[in-house]
Amino acid sequence: MRIVIKIGTSTLAHKSGLLNIRRVEGLVKAMSDLKNAGNEIILVSSGAIGMGAGKLSLADKPSDIPTKQAAAAVGQCELMYTYDKLFSEYNHTVAQILITGEDIEHSARRSNFENTVRRLLELGALPIINENDSIATDEIVIGDNDTLGAIAATAVNADLLILLSDIDGLYTADPHKDKNAVLLECVDEITPEIEGMTGGAGSRFGTGGMATKIKAAKIAVNAGIDMIIANGKDPAVLYEILEGKNVGTRFTARKDDIK
Ligand code: GLU
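A quick note: this is a predicted structure, and the numbers were derived from the prediction, not measured.

What counts and what doesn't
Residues numbered from 1 in each chain as written. Predicted model: local features only at pLDDT ≥ 70, side-chain atom pairs only at ≥ 80, totals over all residues. Heavy atoms only, no water. Helix = DSSP H or I, 4+ residues; strand = E, 2+ residues; numbered from the N terminus. Expected span 1.5 Å × (residues − 1). Buried < 20%, exposed > 50% of the residue type's maximum accessible area, 1.4 Å probe, protein only. Contact = heavy atoms within 4.5 Å. Pairing = 2+ DSSP bridges. Axes fitted to C-alpha atoms, helices over the stretch in contact; angles between N-to-C directions. Core = buried A, V, L, I, M, F, W, Y, C linked by side-chain atoms within 4.5 Å.

**Q** I would appreciate a short explanation of helix H9 (residues 210–222) in the present structure.
**A** Note: α-helices contain 3.6 residues per turn, so residues at a spacing of three or four share the same orientation. Between the first and last C-alpha of H9 there are 18 Å, a value that for 13 residues agrees with the 18 Å anticipated at 1.5 Å per step. Considered for burial, the residues of H9 that qualify are Met210, Thr212, Lys213, Ile214, Ala216, Ala217, Ala220 and Val221. Where H9 is buried, its residues meet strand E1 (2–7), helix H7 (145–155), strand E5 (160–165), helix H8 (192–195), strand E7 (226–231) and strand E8 (249–251). Taken from the residues just after H9, Gly224 is the one with a positive phi, measuring 85°.

**Q** Explain the sheet that holds E8 to me, please; I cannot follow it from the model alone.
**A** Whether parallel or antiparallel, the strands of a sheet pair through hydrogen bonds between backbone atoms. Read from one edge to the other, the open sheet built from 8 strands follows the order E3-E4-E2-E1-E5-E7-E8-E6, with strand pairing classed as mixed. Each edge of the sheet is formed by a strand with only one pairing partner; in this case those strands are strand E3 (94–99) and strand E6 (186–187). Note that E5 and E7 share 6 bridges and pair parallel. Pairing of Ile162 across the sheet is with Ile228, part of E7. Across the face of the sheet, helix H4 (residues 65–88) comes into contact with E1, strand E2 (40–45), E3 and strand E4 (126–131) while running at roughly 155° to E3. Contacting E1, E2, E3, E4 and E5, H7 runs over the sheet at an angle of about 135° to E4.

**Q** Would you mind showing me how to read the environment of Leu43 here?
**A** Here Leu43 shows up in strand E2. On the accessibility criterion, Leu43 (0% relative accessible area) is buried. Residues Leu43 and Ile190 lie 147 residues apart in sequence; the distance between their C-alpha atoms is 25 Å. Ignoring sequence-local partners within four residues, the contact set of Leu43 consists of Ile5, Ile7, Met31, Tyr83, Phe87, Leu126, Pro127, Ile128 and Ile129.

**Q** Is there a simple way to explain the nonpolar core in this structure?
**A** What tends to happen in soluble globular proteins is that the nonpolar side chains get buried as a cluster. Counting residues in hydrophobic clusters, the biggest one holds 43 residues, and the most contacted among them are Phe113, Ile129, Leu161, Leu170, Met227 and Phe251. Listed by contribution, the elements that provide at least two residues to this core are E2, E3, helix H6 (107–122), H7, E5, H9 and E7. Beyond its immediate sequence surroundings of up to four residues, Leu170 is in contact with Val182, Leu183, Leu184, Val187, Ile194, Met197, Met210, Ile214, Thr249 and Phe251. The next biggest cluster of nonpolar side chains, apart from the first, holds 35 residues, and it includes Leu19, Leu86, Val237 and Ile241.

Here is the structure:
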């Protein structure tokens, strides 16, 4: 299987913004194992701004663009250093690809991106993608990595997109506020009712929240790709998904689309 795994900032980092070492080590181990089992893995990793903010000892997620971009520049380095070190322990080679909205809209640049990812996979490397936050401005921003994950999954014709987050999946209501909220195991159609279940924004350092995950689901299922939202707190969730167990919320691909 060709799998795009998106890991959100809330999964990668503690509330301080600093790296959750145990969590990231577990996720890298699981992804390495899935790759050893013959799957192709493409990682879309957030965390650049959050980790940069942590490393620069900023009190909170930066709100002004220059500080965000500076934090991303610091954090992206730290992220790739960490992934390179950890994946190397399992003999996997990582590759960094940073893109902006312009690279997606511009067809020649988009096909350069697609070709590079495909070639990296042929060469056995593990592409790690993030938005080029230090360059992206309002006009050219993709804005969140859930959407970026769906764009990447579509570009490489993935079999599955997994969004790992700090929530178990899509609930009928906000589970932090409503004790009657029920986790939806499967969504076959993204109806206006489903879109109404998106709740508020994301975590302290992250960007997304449920709204961007539904947006990503629409892109993925329309391209014929199943998408799963699952809780990344336990890396074993990746094995469970590949074993076909029911975890999180699965959005099933539109069957009328030919991949
Ligand atoms: N690209 C952002 C970062 O690395 C994350 C965007 C998001 O949280 O979705 O910090």
